[in-house]
Amino acid sequence: MRQYNLMQQALGAQWKQLPDSLRAHHQSGPNVDVGELDIEYPGAMQPLLNLLRLLGTLINRRGEAVPTRAEKDMRGRTQYWKRRTTFPDGRVIGFRSRWEHAGGNRIIDYVIPVFGLCMAVRVEDGRLLYEGECFVLRLGRVKLPMPGWLLLGHTTIVEQAMDDTRFATDFRLRHPLFGQIYRYAGVFRTDAR
């Protein structure tokens, strides 16, 4: 039986335009991304990030070249992510999320069971671009959209092949009043599990 590929479903014909390293990253089989992240944010964000950390989302600590793993597994039509960053002092910060196809070229990344981020994806010049459309509050089967500016702002992610086996990722949150409030970026390779 052929396994469901969430990103291929969202991208449609554009899936074939992705370089090998990005197709490996978004494969349907169990896999793990291994690399390093740079994490940066203004000091004024620390209290909010500490609160979000209590909810199990984002990383509330700055760092450069922090070793990071992201394990992914498909169960039915849902992709489960388990991320772990290990800081030089041995502290490990992790968070989980799940991705679901939301129709068309949209996916929802649920960072907690009732709250997620809806993003539109597209391929442009071999890069995979994610554009945040709204946050989603899920109450049973009902999904209530909430504009990004009400919460953390606008999300963008750019994934770009470095070569046949490695890719770079760049995640940014920009608030309309406060500018860039959070960013992580790094280079990874994907291994099958």
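Scroll up for the structure.
Reference entry: report on the structure contained in this document. Treat the numbers as computed from the prediction; the structure is a model and nothing was measured. (Residues numbered from 1 in each chain as written. Predicted model: local features only at pLDDT ≥ 70, side-chain atom pairs only at ≥ 80, totals over all residues. Heavy atoms only, no water.)

### Digging into the overall build of the chain
- Each helix and strand counted, the chain has three helices and eleven strands in total.
- Its helices and strands in sequence order give the chain the pattern α-α-β-α-β-β-β-β-β-β-β-β-β-β, from N to C terminus.
- Expected size for 193 residues packed as a compact globule is a radius of gyration near 16 Å; at 16 Å, the chain falls within 12% of this value.
- Based on the C-alpha atoms only, the size of the chain along its principal axes is roughly 45 × 40 × 30 Å. (Helix = DSSP H or I, 4+ residues; strand = E, 2+ residues; numbered from the N terminus. Rg over C-alpha atoms; globule rule 2.2 N^0.38 Å.)

### What to know about the packing of aromatic side chains
- A complete count under the given rule lists eight aromatic pairs for this structure.
- When the ring of Phe-167 is compared with that of Phe-188, the centres are 6.0 Å apart and the planes differ by 25 degrees; the resulting orientation is stacked. One end of the pair, Phe-167, is in strand S10 (residues 166-175); the other, Phe-188, is in strand S11 (residues 179-192), with 21 residues separating them in the sequence. The burial state of Phe-167 is the same as that of Phe-188; both residues are buried.
- Between Phe-171 and Tyr-184, the ring centres sit 4.7 Å apart and the planes meet at 5 degrees, which makes this aromatic pair stacked. On the criterion of sequence distance, the pair formed by Phe-171 in strand S10 and Tyr-184 in strand S11 is long-range, its members being 13 residues apart. (Phe/Tyr/Trp six-rings, centres within 6.5 Å; stacked < 30°, edge-to-face > 60°. Buried < 20%, exposed > 50% of the residue type's maximum accessible area, 1.4 Å probe, protein only.)

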